[in-house]
Amino acid sequence: MAKHITDDGGERLLATELRRGDTSALHRFYDLYAGRLAAVCSRYVANDDEAKDVFQEAMVKIVQNAPRFDYRGPGSLLAWASRIAANEAVSHLRSRRRDAFAELPEDGGAGDMAADDADVEGIAPEAIHAMIRQLPDGYRTVFNLYAIEGKSHREIARLLGIKEASSASQLLRARRMLARKIEEYRRKNDL
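Residues numbered from 1 in each chain as written. Predicted model: local features only at pLDDT ≥ 70, side-chain atom pairs only at ≥ 80, totals over all residues. Heavy atoms only, no water.

## Remarks on the overall build of the protein
Assigned secondary structure in the protein consists of eight helices and zero strands. If you list the helices and strands of the protein from N to C, you get α-α-α-α-α-α-α-α. The burial tally for the protein puts 42% of its 191 residues in the buried class. Contacts in the protein between residues at least 24 apart in sequence constitute 74% of all its contacts with a sequence separation of at least 6. Carbon and sulfur atoms make up 49% of the accessible area of the protein, which amounts to about 10700 Å² in all. (Helix = DSSP H or I, 4+ residues; strand = E, 2+ residues; numbered from the N terminus. Buried < 20%, exposed > 50% of the residue type's maximum accessible area, 1.4 Å probe, protein only. Contact = heavy atoms within 4.5 Å. Areas by Shrake-Rupley, 256 points an atom, 1.4 Å probe, with all protein chains shown as cover.)

## What about the packing of helix α6 (residues 137-148) against helix α7 (residues 153-160)?
Interaxial distance between α6 and α7 falls to 10 Å at its minimum, and their mutual angle equals 135°. One finds that α6 runs oblique with respect to α7. Considering only the axes of α6 and α7, their crossing is right-handed. Here Thr141, Val142, Leu145 and Tyr146 of α6 come into contact with α7, specifically with His153, Ile156, Leu159 and Leu160. Tallied by class, residues from the contact of α6 with α7 come to six nonpolar, two polar and no charged. (Axes fitted to C-alpha atoms, helices over the stretch in contact; angles between N-to-C directions. Parallel < 35°, antiparallel > 145°, perpendicular 65-115°, else oblique. Left-handed = near helix turned anticlockwise from the far one by under 90°. Nonpolar A, V, L, I, M, F, W, Y, C, P; charged D, E, K, R; others polar.)

## Things to note about helix α2 (residues 23-44)
Taking the largest bend as the criterion, α2 deviates by roughly 55°, centred on Tyr33. Residues of α2 that are buried: Ala25, Phe29, Leu32, Tyr33, Ala34, Leu37, Val40, Cys41, Ser42, Arg43 and Tyr44. Elements that come into contact with the buried residues of α2 comprise α1 (10-19), α3 (48-65), α4 (76-96), α5 (125-133) and α6. (Bend = angle between axes of the 7 residues up to and from the residue.)

## Considerations on the nonpolar core
Judged by nonpolar contacts, the single largest core of 49 residues is most densely connected at Leu14, Phe29, Tyr33, Leu37, Tyr44, Ile62 and Leu77. Contributions of two or more residues to this core are made by α1, α2, α3, α4, α5, α6, α7 and α8 (164-188). By residue number, the principal contributor to this core is α4, which donates 10 residues. (Core = buried A, V, L, I, M, F, W, Y, C linked by side-chain atoms within 4.5 Å.)

## Quick word on the packing of aromatic side chains
Within this structure, the stated rule accounts for three aromatic pairs. When the centroid spacing of 5.1 Å and the interplanar angle of 65° are considered together, the rings of Phe29 and Tyr33 count as edge-to-face. Pair noted here: Phe29 and Tyr33 are both in helix α2, with a separation of four residues, about one helical turn. Residue Phe29 is classed as buried on the basis of its relative accessible area of 0%. (Phe/Tyr/Trp six-rings, centres within 6.5 Å; stacked < 30°, edge-to-face > 60°.)

## Some remarks on the pattern of salt bridges
Counted according to the given criterion, the structure contains eight salt bridges. For Glu88, the salt bridge identified is with Lys61, shortest N-O distance 2.7 Å. Highlighted residues: Glu88 in helix α4 and Lys61 in helix α3, separated in sequence by 27 residues. A relative accessible area of 12% means that Glu88 is categorised as buried. (Salt bridge = Lys/Arg side-chain N within 4 Å of Asp/Glu carboxyl O.)

## Some thoughts on the packing of α7 against α8
It is at 8 Å that the axes of α7 and α8 come closest, and there the two elements cross at 105°. In this view, α7 runs roughly perpendicular relative to α8, as classed from their interaxial angle. Taking contact as the criterion, the partners of His153, Arg154, Ile156 and Ala157 in α7 are, on α8, Glu164, Ser167, Ala168 and Leu171. Class assignment of the residues belonging to the contact of α7 with α8 gives a composition of four nonpolar, two polar and two charged.

## Some words on the confidence of the model for the protein
Of all residues in the protein, 84% attain a pLDDT of 70 or more, and the chain-wide mean is 85. The spread of mean pLDDT over the elements of the protein runs between α5, the lowest at 90, and α3, the highest at 96. (pLDDT = per-residue confidence, 0-100.)

Below you can see the structure in the form of structure tokens.
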């Protein structure tokens, strides 16, 4: 697996070459980051074929916007590209599944276990990723934006065109569903 460039200006040089449109830099960028960017897309888009399409669109946008990238230190190139991939995935979901973010009625169950309470020790990251991909689109999108991208419910609401309460509700339901999936996985695998 290719590793992230953080040593002696390698990432800065790669960013500079990408800004100039150097095709060999684009190949190096792809070799280094394609796996990570595809994973970002697949966190949001559960259908593998759609995730590949979103990844392709994200790569096109990365290439188109490379001349405007502003290097800000080690890791900034991957962070910038990851934001583009996440935005492309969210845009894809928003355009295809407007109803996925519908207002949900409250259903009580405040005592239900949330994913934060679930014991994930001993569970491979790939298994957790697969569980997240199984969430309904709305739950998965809000969960990723909140838990992984670090966005607030206000930012999520604005980004998805929903109410803050809907974002909070979708997150709560996603956490509950993940907790159930984690417990089920633990039982099936004697963990």
